[in-house]
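# Secondary and tertiary structure notes
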Amino acid sequence: MSIDEIIDAVTPLGEVLVLRPGPGDGSPEGAWGDVFLYVSPDGVVPRTQPFATVVTRDQPGEPPAGLDRPGSFRVNVGVSREEFTALVGRGPREPAGDEPAADTTDTVLAHPAYGGLGWVCVVDPGPRTEAVVRDLLRSAHARARTRRERRDAVS
């Protein structure tokens, strides 16, 4: 699965804003090449977290994920508590047990920094995780859209 295939999987879901920071757009160099996916009916970056991200380099303060390999990336998705538990085998706030290393590829992992907040990730999604990643992206988009609709109804 490529970064473009991830974007192609979410854009038909509707109201998706795809940010791809790069040189000359005012974004920090550390974000160049990454992707941030939001629900935004008006195309304006919302004041919320993205529902998914793609990072193309290891992040400071996180265990190395091996993203220095050519073409390597990690997709990160905010999931429900139930999804997290089903995928990782423990709740988001429960201590990690014997889990795969942060650089394990094509495997759903608790996010190394945001797992406690219900985020999972996959380094270099491939045949084993492609269908799961697509399902997680659809689910995360639906939750983000529902949250957006609730906020809009209150305002």
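Check the entry above for the structure.
Described in the following lines is the structure provided in the data block. (Residues numbered from 1 in each chain as written. Predicted model: local features only at pLDDT ≥ 70, side-chain atom pairs only at ≥ 80, totals over all residues. Heavy atoms only, no water.)

### Some points on the sheet that holds strand S4 (residues 74-78)
- Here six strands make up an open sheet; going across it, the order is S1-S2-S3-S4-S6-S5 and the pairing antiparallel. Unpaired on one side and paired on the other, strand S1 (16-19) and strand S5 (108-110) mark the two borders of the sheet. Strand-to-strand twist of the sheet, defined as the mean angle between neighbouring strand axes without regard to direction, takes the value 20°.
- Bridge analysis of strand S2 (residues 35-39) against strand S3 (residues 52-55) gives three bridges, and the strand direction is antiparallel. When the bridges of S3 are listed, Leu37 appears paired with Ala52.
- Packing of helix H3 (residues 130-154) onto the sheet brings it into contact with S1, S2, S3, S4, S5 and strand S6 (119-123), and relative to S4 it is tilted by some 40°. (Pairing = 2+ DSSP bridges. Helix = DSSP H or I, 4+ residues; strand = E, 2+ residues; numbered from the N terminus. Axes fitted to C-alpha atoms, helices over the stretch in contact; angles between N-to-C directions. Contact = heavy atoms within 4.5 Å.)

### Here's the deal with the nonpolar core
- Counting 27 residues, the largest nonpolar core has Ile6, Leu37, Phe51 and Val77 as its most contacted members.
- The set of elements that each furnish at least two residues to this core consists of helix H1 (3-10), S2, S3, S4, helix H2 (81-88), S5, S6 and H3.
- In this structure, Ile6 is in contact with Met1, Leu37, Val54, Phe73, Val75, Pro125 and Leu137, ignoring residues within four places of it in sequence. (Core = buried A, V, L, I, M, F, W, Y, C linked by side-chain atoms within 4.5 Å. Buried < 20%, exposed > 50% of the residue type's maximum accessible area, 1.4 Å probe, protein only.)

### Side note on the environment of Val123
- With respect to the helices and strands, Val123 occurs in strand S6.
- Taking relative accessible area as the criterion, Val123 reaches 0% and is therefore assigned buried.
- When the C-alpha positions of Val123 and Phe73 are compared, they lie 5.9 Å apart, and in sequence the two are 50 residues distant.
- The residues contacting Val123, other than those within four sequence positions of it, are Ala65, Leu67, Arg69, Ser72, Phe73, Arg74, Ala102, Thr104, Thr105 and Asp106.

### Points about unusual backbone geometry
- Phi is positive for Asp106, close to 50°, though the residue is something other than glycine.
- Looking at Asp106, the relative accessible area reads 11%, which means it is buried.

### Here's the deal with the pattern of salt bridges
- Counting across every chain of the model gives 11 salt bridges.
- In this structure, the salt-bridge partner of Glu62 is Arg74, at a minimum N-O distance of 2.9 Å. Of the two residues, Glu62 sits in the loop between S3 and S4 while Arg74 sits in strand S4, which places them 12 residues apart along the sequence. Taken as a pair, Glu62 and Arg74 share a single burial class, namely buried.
- Among the ionic pairs, Glu99 bridges to Arg90, the shortest N-O distance being 2.3 Å.
- By relative accessible area, which is 11% here, Arg90 ends up buried. (Salt bridge = Lys/Arg side-chain N within 4 Å of Asp/Glu carboxyl O.)

### Some words on H2
- Of all the positions in H2, only Glu83, Phe84 and Val88 are classed as buried. In a view along the axis of H2, the buried residues occupy a sector of 105°, so they form one face of it. When the buried face of H2 is taken as reference, the exposed residues oriented beyond 90 degrees from it are Glu82 and Ala86.
- Downstream of H2 by a residue or two, Gly89 has a phi angle that is positive, lying close to 90°. (Arc of directions from axis to C-beta.)

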